[in-house]
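# Analysis of the macromolecular model
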Amino acid sequence: MKTYLVTGATSGIGEATALQLIQEGHTVLALGRNETKGRDLETNGHGRLFFFQVDLAVPSEIERFFETTKEDFPTIDGIFNNAGTFGKPVAPERVTDQQTEVFQVNYHAPEQIIQRAAKRLSRGASIVNNSAIVGHVKFPAMLLPYASSKSALLTLTKTYAARFHGKYRFNAICPGPVDTKLSHSLYGGKEKFDLAMKHHLRGHAAHPSEIAEVVCFLLSDKASYINGQTLIVDGGYTLT
Ligand SMILES: NC(=O)c1ccc[n+]([C@@H]2O[C@H](COP(=O)([O-])OP(=O)(O)OC[C@H]3O[C@@H](n4cnc5c(N)ncnc54)[C@H](OP(=O)(O)O)[C@@H]3O)[C@@H](O)[C@H]2O)c1
């Protein structure tokens with residue numbers, strides 16, 4: 001059984017992935033901000049889920065997490081860099097420094113986590129970065145910082161895969177619309193989101209567990225020959 005680090009484990013895709021990993025018998029270091037939710041997950045985690053309150057917008061909190069866990073969890077077998085934020089949607093010509101948090105959470109935090117974890121990764125460890133279809137397939141103008149940070153994450157994924165020659169694997173997923181808090185707030189509420197999803201190729205968005213299944217596969221040794229890839233998981237959304 002393995003030890004995995006999952007960011008954004010307190011909701012949506014990250015929570016579904018953490019729960020699936022637990023069900024498969026693995027140990028999960030679950031990062032998030034929402035302490036109530038994190039402690040609930042820990043209570044129901046069969047003693048194998050450990051919650052850590054870490055705000056990824058604050059680099060010193062990431063540093064502290066790695067310092068405080070190095071003795072109890074000296075080996076990490078995989079990472080799901082999942083947490084993300086789209087910030088405040090704004091026209092590209094109005095983007096200001098206030099949007100820097102988007103880049104910190106979506107790009108720099110995964111980068112720092114990989115750098116800090118590198119010394120503790122087991123041979124064959126698998127890193128999965130949660131990107132998005134925006135930024136390289138779709139280009140919603142109001143989401144420039146989000147889209148460009150997610151695009152940069154793809155470059156980071158491929159660069160690290162090339163750097164480590166298969167010692168560790170690095171892949172990215174690009175989900176289409178998923179039924180989570182993040183997409184509800186982007187569309188102005190769940191009702192509006194569900195209505196918009198009627199135009200999806202299959203008529204509705206993904207359940208978070210449909211993305212978790214793919215992530216758990218990529219994290220596992222079953223995907224040992226998949227490295228440096230970007231997998232679009234969108235139910236055909238980008239076909240139309
Ligand atoms: N939903 C979609 O349609 C979709 C599509 C493509 C890609 N994605 C990506 O999927 C990832 C997960 O999103 P989701 O859809 O599952 O949304 P979600 O349910 O809203 O979950 C977002 C998670 O990110 C965490 N998070 C956000 N900012 C953070 C910060 N500063 N520090 C630590 N944790 C932070 C949240 O933690 P707390 O709740 O504890 O604050 C939460 O656990 C994101 O990277 C998103 O870009 C989503």
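Residues numbered from 1 in each chain as written. Predicted model: local features only at pLDDT ≥ 70, side-chain atom pairs only at ≥ 80, totals over all residues. Heavy atoms only, no water.

## What about the side chain of Q20?
Structurally, Q20 is set in helix α1 (residues 12-23). Looking at Q20, its side chain comes within polar contact range of the side chain of E213, at 3.3 Å. (Helix = DSSP H or I, 4+ residues; strand = E, 2+ residues; numbered from the N terminus. Polar contact = N/O pair within 3.5 Å; in protein donor to acceptor, adjacent residues only side chain to side chain.)

## Here we look at the layout of surface pockets
Estimates place the volume of the largest pocket at around 1,200 Å³. Contributing elements (two or more residues each) for the lining of the largest pocket: α1, β2 (27-32), α4 (100-117), α5 (144-164) and α6 (181-187). Its residues placed into classes, the lining of the largest pocket shows 23 nonpolar, 19 polar and seven charged. (1 Å grid on protein atoms, 1.4 Å probe; cavity = no way out; pocket = protein on both sides within 12 Å on 5 of 7 lines; lining within 4 Å. Points joined across faces, edges and corners; volume = space filled by probe spheres on them. Nonpolar A, V, L, I, M, F, W, Y, C, P; charged D, E, K, R; others polar.)

## Points about the site of the ligand
What surrounds the ligand is a group of 29 residues, the closest being T10, S11, N82, Y146 and T180. Contact between the ligand and D55: a nitrogen atom at 2.9 Å from a side-chain N or O atom of the residue. Between the ligand and L56, the relevant distance is 2.8 Å, taken from a nitrogen atom to a main-chain nitrogen or oxygen of the residue. Burial of the ligand by the protein amounts to 93% of the accessible area it has alone, namely 880 Å². (Near = heavy atom within 4 Å. Areas by Shrake-Rupley, 256 points an atom, 1.4 Å probe, with all protein chains shown as cover.)

## Here's the deal with the packing of helix α3 (residues 59-69) against α4
Geometry of a packed helix pair, given as the angle between the helix axes and the separation of the axes. Taken N-terminus to C-terminus, the directions of α3 and α4 make an angle of 30°; their axes are 10 Å apart at the nearest point. Classified by the angle their axes make, α3 and α4 are roughly parallel. Crossing angle aside, the handedness with which α3 passes α4 is right-handed. Taking contact as the criterion, the partners of P59, I62, E63 and F66 in α3 are, on α4, Q104, A109, Q112, I113, R116 and A117. (Axes fitted to C-alpha atoms, helices over the stretch in contact; angles between N-to-C directions. Parallel < 35°, antiparallel > 145°, perpendicular 65-115°, else oblique. Left-handed = near helix turned anticlockwise from the far one by under 90°. Contact = heavy atoms within 4.5 Å.)

## A word on the pattern of salt bridges
Enumeration over the complete set of coordinates arrives at nine salt bridges. Put simply, R39 and E35 hold a salt bridge, and the shortest N to O gap is 3.4 Å. With R39 and E35 both in helix α2 (residues 35-43) and four residues apart, this pair spans about one turn of that helix. Among the residues examined, E35 registers a relative accessible area of 37% and is labelled partly exposed. Its salt-bridge partner being E67, residue K70 comes within 2.9 Å of it at the nearest N-O pair. Owing to a relative accessible area of 43%, E67 belongs among the partly exposed residues under this scheme. Here the residues in one salt-bridge network are E35, R39 and E42, joined through shared partners. (Salt bridge = Lys/Arg side-chain N within 4 Å of Asp/Glu carboxyl O. Buried < 20%, exposed > 50% of the residue type's maximum accessible area, 1.4 Å probe, protein only.)

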